[in-house]
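Listed below, chain by chain, are the residues.
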Amino acid sequence: MTNEVPTTIRFYWMTWTMLLALTLVMLVVDQSPLPRLLFVAVMLAAMLVKAAIIAGNFMHLRFEHRGIVWMVVIGLLVNGAILFGLIVPDALAIVETGGFQ
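Residues numbered from 1 in each chain as written. Predicted model: local features only at pLDDT ≥ 70, side-chain atom pairs only at ≥ 80, totals over all residues. Heavy atoms only, no water.

Chemist: Explain the packing of helix H1 (residues 9–31) against helix H2 (residues 36–57) to me, please; I cannot follow it from the model alone.
Modeler: A pair of packed helices is captured by two measures, namely the crossing angle of their axes and the spacing between those axes. Look at H1 against H2: their axes get within 10 Å of each other, and the N-to-C directions meet at 170°. Regarding the angle of H1 to H2, the classification is roughly antiparallel. Contacts from Phe11, Thr15, Met18, Leu19, Leu22, Thr23, Met26, Val29 and Asp30 of H1 reach H2 at Phe39, Val42, Met43, Ala46, Met47, Val49, Lys50, Ile53, Ile54 and Asn57. Tallied by class, the residues present in the contact of H1 with H2 amount to 14 nonpolar, three polar and two charged. (Axes fitted to C-alpha atoms, helices over the stretch in contact; angles between N-to-C directions. Helix = DSSP H or I, 4+ residues; strand = E, 2+ residues; numbered from the N terminus. Parallel < 35°, antiparallel > 145°, perpendicular 65-115°, else oblique. Contact = heavy atoms within 4.5 Å. Nonpolar A, V, L, I, M, F, W, Y, C, P; charged D, E, K, R; others polar.)

Chemist: How should helix H3 (residues 66–97) be read in this particular structure?
Modeler: Owing to its 3.6 residues per turn, the α-helix aligns residues three or four sequence positions apart on the same side. Given a rise of 1.5 Å per residue, 32 residues ought to cover 46 Å, and the 46 Å separating the end C-alpha atoms of H3 matches this to within 8%. Helix geometry: H3 is bent most strongly at Ile87, by close to 25°, with proline Pro89 lying one to four residues after it. Downstream of H3 by a residue or two, Gly98 has a phi angle that is positive, lying close to 80°. (Expected span 1.5 Å × (residues − 1). Bend = angle between axes of the 7 residues up to and from the residue.)

Chemist: Even after reading the chapter, I still don't get the confidence of the model for the protein chain, so can you show me in this structure?
Modeler: A low pLDDT score tells you not to read the predicted coordinates there in detail. Of the residues in the protein chain, 92% reach a pLDDT of 70 or more, and the chain-wide mean stands at 87. When pLDDT is averaged over each helix and strand of the protein chain, the minimum, 90, is found for H3 and the maximum, 93, for H1. (pLDDT = per-residue confidence, 0-100.)

Chemist: For this particular structure, what's the right way to read the packing of aromatic side chains?
Modeler: Here a ring pair, both rings aromatic, is described through the centre-centre distance and the interplanar angle of the planes. Here the structure, examined in full by the defined rule, presents three aromatic pairs. Aromatic side chains Phe11 and Tyr12 sit 5.3 Å apart centroid to centroid with 80° between the ring planes, which places their arrangement in the edge-to-face category. Residue class for Tyr12 comes out partly exposed when judged on its relative accessible area of 29%. Three or more aromatic residues link up through ring pairs in this structure, and these residues are Phe11, Tyr12 and Phe58. (Phe/Tyr/Trp six-rings, centres within 6.5 Å; stacked < 30°, edge-to-face > 60°. Buried < 20%, exposed > 50% of the residue type's maximum accessible area, 1.4 Å probe, protein only.)

Chemist: I keep staring at the nonpolar core and nothing clicks. Help me out?
Modeler: If you look at the biggest cluster of nonpolar residues, it comprises five residues: Met26, Val29, Phe39, Met43 and Ala46. Elements that contribute at least two residues to this core include exactly H1 and H2. Here the element with the most residues in this core is H2; it accounts for three residues. With near-sequence residues (within four places) excluded, Phe39 lies in contact with Val29, Asp30 and Leu34. (Core = buried A, V, L, I, M, F, W, Y, C linked by side-chain atoms within 4.5 Å.)

Next comes the structure, spelled out in structure tokens:
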């Protein structure tokens, strides 16, 4: 392999520090009295950033060709859409029957 991925201890410590900081921000946001929509938006944004950091650093996607990165991203989005489509009918049925009271 001609392209070497820079994997030093410092690289992994910086990644861990970024993930820890985002987790702490999420914990603070969870305890704060934010409106529901803002809470969901902040949490989703933080989770997407964490997923991008993990995919980029631990799956080494930031060193791959754009085509491979897009293939992984599109695959994850399709998988998420399928799971969403399969779970939502059950969740609506539970809500309609009053299962979560």
